[in-house]
Amino acid sequence: MIAIYDTLTRGLKEVPHVENSVNIYCCGPTVYRDAHVGNLRTFLLADLIVRALKLDGRQVKLIQNITDVGHMSEDFTGEDKLLSQAQLEKRDPFEIARKYEERFHQDLARINIFPADAYPRASETIDLMLQTIAQLIASGHAYATELGSVYFDARSVESYGAISGNKLDSLKPGHRFEYSDEGDKRFHADWALWKTAGNRTEMVWDSPWGKGFPGWHIECTAMSLKLLDERIDLHVGGIDLRFPHHENERAQSNSIIGHEAVKMWVHGEHLLFEGRKMSKSAGNVVLVQDLIERGLDPLSLRLSLLENRYRSQMDLTWASLDAANTTLRRWRTNLASWGESMDQIEDSEITGAIAKDLDTPRVLLRLRAIEKDSAISVEVKRAIFLKADLLLGLDLDRAIEDRPLTADQISLLQSRAQARQSKNWSESDRLRDLLASTGVAISDGPDGQSWSWI
Ligand code: AMP
Ligand code: ZN
């Protein structure tokens, strides 16, 4: 039995199932840019839950949407993120969407996140969204305006605000989550399900209310209800999505099916990088590709993230990534030296830690204790690590290459050590990249640099 913290009831709850099967929906990426390591922390949370449930004997179905239209930027320009990026890159918005979608899948694979069962795209789900909107109008939860937009009537749902605590009477007009183009709604907290095209000519569709495009929140309602047969056992997303996205989604979905559509809401806390929120303007957005270019194994990101509990805010640093890279290398070397058997042994402390709100830091502490414990045979150590790796996804039985360095690589390594000694950081970074391009990864520790094959 896996218990996880449910945001709605504010307590630990066993993950619900029906005849052993669990339906999960995870809000996916808005594909106008690469996913950064923060986004990946949230996607890894869904993967961890899937792995934990499968190891617990459940069948799991996971749906993750691809938002390629309708997600407006939260700054006051209120533009569609896809269209802004298309303008910037001077390319067709659909081309942009497919490019970043492909890179999203590549990044997931690089950090061993299992693919979802389906990745529905918003732009290909328009008909379903139109049907859902029509249903909401028919049941009195939404209204169309003269300008050709459709809004959800927030006051039609009594329990609005239950996930985030943002009750309607505390949502003052002019709230920062309001979009500037929502001029003709009746109440400030209402939100657009369908927006009139206005001057917009790209990414617009015909609808019974005129040409326009869907709002972001209706996408997740339409897809989750349809693809999971109106039964969402668990819904995952980053903490920022609690409000307004999940609050609005809950109001819509509950209004459609007449009861609580999502049985459990799970939110992952945010990731900071080197102590700061990642943002383009601060120039500290980190991608999986950046790790690779620094010669780090992408799975060092996975291990670093697992070192922290999903419900705590976490500060990722290059030092912690370097340390994780070293740990991975040590564990893989150990496992290779501990024999070749593929037997697996379940450790009750590890199983217990995961069952109680996904306590991955405790799992890793336990593995470190087992690693050091001379009373445990190497065969048993290997079997416990192999079993734990089904959950952790760190490729711990991957062979470490033992081929020697070439003379050129040795000389580059020596030059880099010298550059660091003379504090010539730009040169040392340049040499690190050069070595990475020859397949050699560098980690910097208190005793100087160490290297490994990528
Ligand atoms: P987006 O592509 O911006 O729609 O975000 C995709 C997912 O990443 C959502 O579940 C967000 O809540 C989540 N997310 C965004 N920023 C961070 C962050 N810094 N740390 C963790 N999750 C994040
Ligand atoms: Zn969503």
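All of these numbers come straight from a predicted model, not from anything done at the bench.

Across its full length, the protein carries 14 helices and 15 strands. Its C-alpha atoms give the protein a radius of gyration of 24 Å, near enough to 22 Å, the size a compact globule of 454 residues would have. Each principal axis of the C-alpha distribution contributes one length, and for the protein these read about 75 × 50 × 35 Å. Across the 454 residues that make up the protein, the buried fraction comes to 55%. By sequence separation, contacts in the protein at least 24 residues apart represent 72% of the contacts at least 6 residues apart. Taken as two groups, the 55 positive and 68 negative side-chain charges of the protein have centres that lie 3 Å from each other.

What follows covers the pairing of strand β3 (residues 21-26). β3 sits mainly inside the fold: 6 of its 6 residues count as buried. Two elements, β3 and strand β4 (residues 59-64), share 6 bridges in a ladder whose sense is parallel. Each bridged residue has a counterpart across the sheet, and for Ile24 the counterpart in β4 is Leu62. At this point the chain moves from β3, through helix α1 (residues 37-55), to the parallel β4, and the crossover so formed is right-handed. Inspection of the sheet shows β3 paired to strand β9 (residues 234-238) by 3 bridges, in the parallel sense. Residue Tyr25 lies in a different strand from β9, and its bridge partner there is His235.

Attention now goes to the coordination of the zinc ion (ligand 2). Coordination of the zinc ion (ligand 2) by the protein comes from Cys27 (SG), Cys220 (SG) and His245 (NE2), over a distance range of 2.1 to 2.2 Å. Each donor residue of the zinc ion (ligand 2) lies on one chain, and together they are spaced C-x192-C-x24-H. Residue Cys27 is located in the loop between β3 and α1, and its partner His245 is located in helix α6 (residues 245-257); the two are separated by 218 residues in the primary sequence.

Moving on, we come to the domain arrangement of the protein. Segmentation of the protein into domains returns domain 1 (3-268), domain 2 (285-392) and domain 3 (412-441). The straight-line distance from the C-alpha centre of domain 1 to that of domain 2 is 32 Å. The interface of domain 1 with domain 2 comprises 26 residues on the first partner and 31 residues on the second. Summing the contributions of domain 1 and of domain 2, the shared interface buries around 2,400 Å²; its carbon and sulfur component is 69%.

Taking 1.5 Å as the rise per residue, α6 with 13 residues should run 18 Å; its terminal C-alpha atoms sit 18 Å apart, in good agreement. The element α6 is extensively covered by neighbouring structure, given that 13 of its 13 residues are classed as buried. One or two steps after α6, the chain reaches Gly258, where phi turns positive at roughly 80 degrees.

This part takes up the pairing of strand β7 (residues 191-196). Of all 6 residues making up β7, 5 are buried, and the element is well covered by its neighbours. Here 3 bridges tie β7 to strand β8 (residues 212-214), and the two strands are oriented antiparallel to one another. Paired with Trp194 across the bridge in β8 is Pro214.

The sheet built from 3 strands is open, its strands ordered β12-β11-β13 with mixed pairing. Strands at the two margins of the open sheet, each flanked by one partner only, are β12 (276-277) and β13 (314-316).

We now examine the packing of aromatic side chains. The geometry of an aromatic ring pair comes down to the distance between the two centres and the angle between the two planes. Applying the stated criterion across every chain yields a total of 8 aromatic pairs. When the centroid spacing of 4.6 Å and the interplanar angle of 10 degrees are considered together, the rings of Phe152 and Trp191 count as stacked. Within this pair, whereas Phe152 is found in strand β6 (residues 150-152), its partner Trp191 is found in strand β7, the two being separated by 39 residues in sequence. No difference in accessibility class separates Phe152 from Trp191, as the two residues are buried. An angle of 75 degrees between the planes, with centres 5.4 Å apart, marks the rings of Phe273 and Trp318 as edge-to-face. Of the two residues, Phe273 is situated in strand β11 (residues 271-273) and Trp318 in helix α9 (residues 318-337); the sequence distance between them amounts to 45 residues.

It is worth spelling out the pattern of salt bridges at this point. Summed over all chains, the structure comprises 32 salt bridges. Taking the shortest distance from any N to any O, the salt bridge between Asp359 and Arg309 comes out at 3.7 Å. Of the two residues, Asp359 sits in the loop between α10 (348-355) and α11 (360-372) while Arg309 sits in the loop between α8 (299-306) and β13, which places them 50 residues apart along the sequence. One salt bridge in this structure joins Glu427 and Arg430, with 3.0 Å as the shortest N-O distance. Residue Glu427 and its partner Arg430 are located together in helix α14 (residues 425-437), separated by 3 residues, close to a single helical turn. Classification of Arg430 by relative accessible area gives partly exposed; the value is 45%. Through salt bridges with shared partners, a single network forms among Asp68, Arg98, Glu101, Arg121 and Glu124.

What counts, and where the lines are drawn
- Residues numbered from 1 in each chain as written.
- Chains lettered and ligands numbered in written order.
- Predicted model: local features only at pLDDT ≥ 70, side-chain atom pairs only at ≥ 80, totals over all residues.
- Heavy atoms only, no water.
- Helix = DSSP H or I, 4+ residues; strand = E, 2+ residues; numbered from the N terminus.
- Rg over C-alpha atoms; globule rule 2.2 N^0.38 Å.
- Buried < 20%, exposed > 50% of the residue type's maximum accessible area, 1.4 Å probe, protein only.
- Contact = heavy atoms within 4.5 Å.
- Lys, Arg positive; Asp, Glu negative; His and termini not counted.
- Charge placed at Lys NZ, Arg CZ, Asp CG, Glu CD.
- Pairing = 2+ DSSP bridges.
- Right-handed = clockwise from strand over helix to strand, strands pointing away.
- Donors = N, O, S within 2.8 Å, 3.2 Å for Na, K, Ca; no water.
- Domains from an automatic or database assignment.
- Buried area = accessible area lost by both parts, 1.4 Å probe.
- Expected span 1.5 Å × (residues − 1).
- Phe/Tyr/Trp six-rings, centres within 6.5 Å; stacked < 30°, edge-to-face > 60°.
- Salt bridge = Lys/Arg side-chain N within 4 Å of Asp/Glu carboxyl O.

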